[in-house]
Amino acid sequence: MSITVENITKIYGSQKALDQVSFSINEGEIVGLLGPNGAGKSTLMKIITCFIPPTSGNVEVYGNNIFDNPLAIRQNIGYLPEHNPLYLEMYVREFLEFVAGIYNLGKQTKQRVEEIIELTGLTKEANKKIGQLSKGYRQRVGIAQALIHDPKVLILDEPTTGLDPNQLEEIRQLIKKVGQTKIVMLSTHIMQEVEAICSRVIIINSGKIVADDKTENLHSLQKSSNQYLVEFNKEIDTNAIKQLKNIRDIIYNGNNTYTITSQNDTDIRENIFKWAVDNNLMVLTIRKNDNNLEKIFHDLTSK
Ligand code: ADP
């Protein structure tokens with residue numbers, strides 16, 4: 001195993017951010033760490049990259065563990081923290097040379113900086129100040145600095161947050177390109193992000209792993225229930241709907257529209273229509289929400 005995370009628990013004061021988290025990662029994997037805000041994703045990444053210690057447990061990266069060989073681990077890992085802290089007054093090339101200096105790249109510095117500028121698509125921006133760049137290009141600089149010492153593992157904390165759709169697509173392509181030769185682990189709270197980039201997904205909620213599987217198997221994680229988007233001609237009494245047979249849950253979305261979930265794999269449309277007629281209501285729209293990935297994520301993380 002290239003990365004082994006073993007029974008990691010992290011407690012901040014009285015807040016348990018991670019609770020007995022364990023998994024391993026092999027070479028060739030692009031792993032998405034998926035979870036809602038506050039799930040513990042950043043904390044886990046900071047522990048793997050040796051920025052903070054766990055309360056208990058251990059992490060091994062290519063044979064080195066976080067307590068005995070943190071420097072060796074940092075040599076093997078490139079890390080882009082959340083919010084991508086950069087020196088806005090520095091020029092792109094100057095900044096990357098500065099980071100190369102931190103890693104003691106010595107004589108290789110110039111060549112490595114040029115290679116990384118090309119790899120991350122920064123050639124045209126290399127002589128600009130970082131502060132002049134768009135958010136998408138700043139993310140490229142963040143990824144470039146994380147790659148400068150040619151680490152075996154790249155860890156990216158929410159790398160696409162705040163990007164517009166074009167920038168998002170470009171950064172996803174860049175991450176996939178890097179993932180051809182390195183282990184990549186990225187965090188996100190967006191299911192589609194995992195689908196677009198990752199070969200494997202680890203879903204984390206309240207500090208615990210609730211799912212860990214190949215991305216292509218995500219659909220089989222779904223619980224057996226159906227979900228319908230229903231629009232009535234006016235607001236309804238949600239408690240009355242809950243009394244109907246085979247209805248598990250109803251959520252009001254505004255505009256007289258509701259998301260209604262069935263118990264088990266039942267079709268509840270007929271029940272809803274009959275109830276509406278009996279109560280002098282009209283159903284204007286009823287649409288099955290195909291057990292999509294958002295719903296799986298919701299099911300797994302809404303406990
Ligand atoms: P995520 O990255 O999934 O949003 P975090 O790892 O940032 O989650 O946070 C997990 C939990 O730990 C949250 O409840 C958060 O408030 C708490 N937490 C994170 N960092 C600290 C800290 N330095 N001190 C106290 N609590 C923290």
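Our structure is the block above this text.
A. Expanded view of the pattern of salt bridges. Summed over the entire model, instances satisfying the criterion amount to 15 salt bridges. The salt bridge partner of Lys129 is Glu89, with a shortest N-O separation of 3.2 Å. Here the residue Lys129 occupies a position in the loop between α4 (109–119) and α5 (135–147), and Glu89 occupies one in the loop between β6 (77–80) and α3 (92–102), the gap between them amounting to 40 residues. The residue Lys128 makes a salt bridge to Glu125 at a minimum N-O spacing of 3.0 Å.

B. How the structure looks around the sheet that holds strand β5 (residues 64–65). Read from one edge of the open sheet, four strands run β2-β1-β4-β5, paired in antiparallel fashion. At either end of the open sheet lies a strand with only one pairing partner, and these are β2 (15–25) and β5. Across two bridges, the pairing between strand β4 (residues 56–61) and β5 is antiparallel. Its bridge partner lying in β5, Val61 is registered against Asn64. In the packing of helix α1 (residues 41–48) onto the sheet, the strands contacted are β1 (3–12), β2 and β4, and the crossing angle to β2 comes to about 60°.

C. Representation of the environment of Ala240. Residue placement: Ala240 occurs in helix α8 (residues 238–242). As for Ala240 and Ile209, which are separated by 31 residues in sequence, their C-alpha atoms are 36 Å apart.

D. Region of the structure containing the side chain of Gln145. With respect to the helices and strands, Gln145 occurs in helix α5. The exposure class assigned to Gln145 is buried, which follows from its relative accessible area of 15%. Setting aside its immediate chain neighbours within four residues, Gln145 contacts Tyr79, Leu80, Phe95, Leu96 and Val99.

E. Here's a closer look at the sheet that holds strand β3 (residues 30–34). A sheet is described by the order of its strands in space; here six strands give the open sequence β6-β7-β8-β3-β9-β10, paired in mixed fashion. A strand with exactly one partner marks an edge of an open sheet, and here the two such strands are β6 and β10 (208–214). If you compare each strand with its neighbour and ignore which way they point, the axes differ by 15° on average. By the bridge criterion, four bridges tie β3 to strand β9 (residues 200–205) in an arrangement that is parallel. Pairing of Leu34 across the sheet is with Ile203, part of β9. Against the sheet, α5 makes contact with β6 and β7 (153–157), and its axis sits at roughly 160° relative to β6, the strand it touches most. Against the sheet, helix α6 (residues 165–179) touches β3, β7 and β8 (183–188), its axis set at about 150° to β8.

F. Expanded view of a nonpolar patch on the surface. Residues Tyr87, Phe98 and Ile102 make up a contiguous nonpolar surface patch of about 330 Å² in total accessible area. Positionally, Ile102 belongs in helix α3.

G. Fine view of the site of the ligand. If you check the shell around the ligand, you find Tyr12, Gln15, Ala17, Pro36, Asn37, Gly38, Ala39, Gly40, Lys41, Ser42 and Thr43 and nothing else. Contacts to the ligand include Gln15, whose side-chain N or O atom sits 3.1 Å from an oxygen atom. Coverage of the ligand by the protein chains reaches 61% of its 560 Å² of free accessible surface. The element best represented in the shell around the ligand is α1, accounting for three residues.

Basis of the calculations
- Residues numbered from 1 in each chain as written.
- Predicted model: local features only at pLDDT ≥ 70, side-chain atom pairs only at ≥ 80, totals over all residues.
- Heavy atoms only, no water.
- Salt bridge = Lys/Arg side-chain N within 4 Å of Asp/Glu carboxyl O.
- Helix = DSSP H or I, 4+ residues; strand = E, 2+ residues; numbered from the N terminus.
- Pairing = 2+ DSSP bridges.
- Contact = heavy atoms within 4.5 Å.
- Axes fitted to C-alpha atoms, helices over the stretch in contact; angles between N-to-C directions.
- Buried < 20%, exposed > 50% of the residue type's maximum accessible area, 1.4 Å probe, protein only.
- Patch = residues over 30% accessible without salt bridge, like charges linked within 9 Å, V, L, I, M, F, W, Y side chains within 5 Å.
- Areas by Shrake-Rupley, 256 points an atom, 1.4 Å probe, with all protein chains shown as cover.
- Near = heavy atom within 4 Å.
- Polar contact = N/O pair within 3.5 Å; in protein donor to acceptor, adjacent residues only side chain to side chain.

From the geometry alone we can't say anything about function, so treat these as descriptive.
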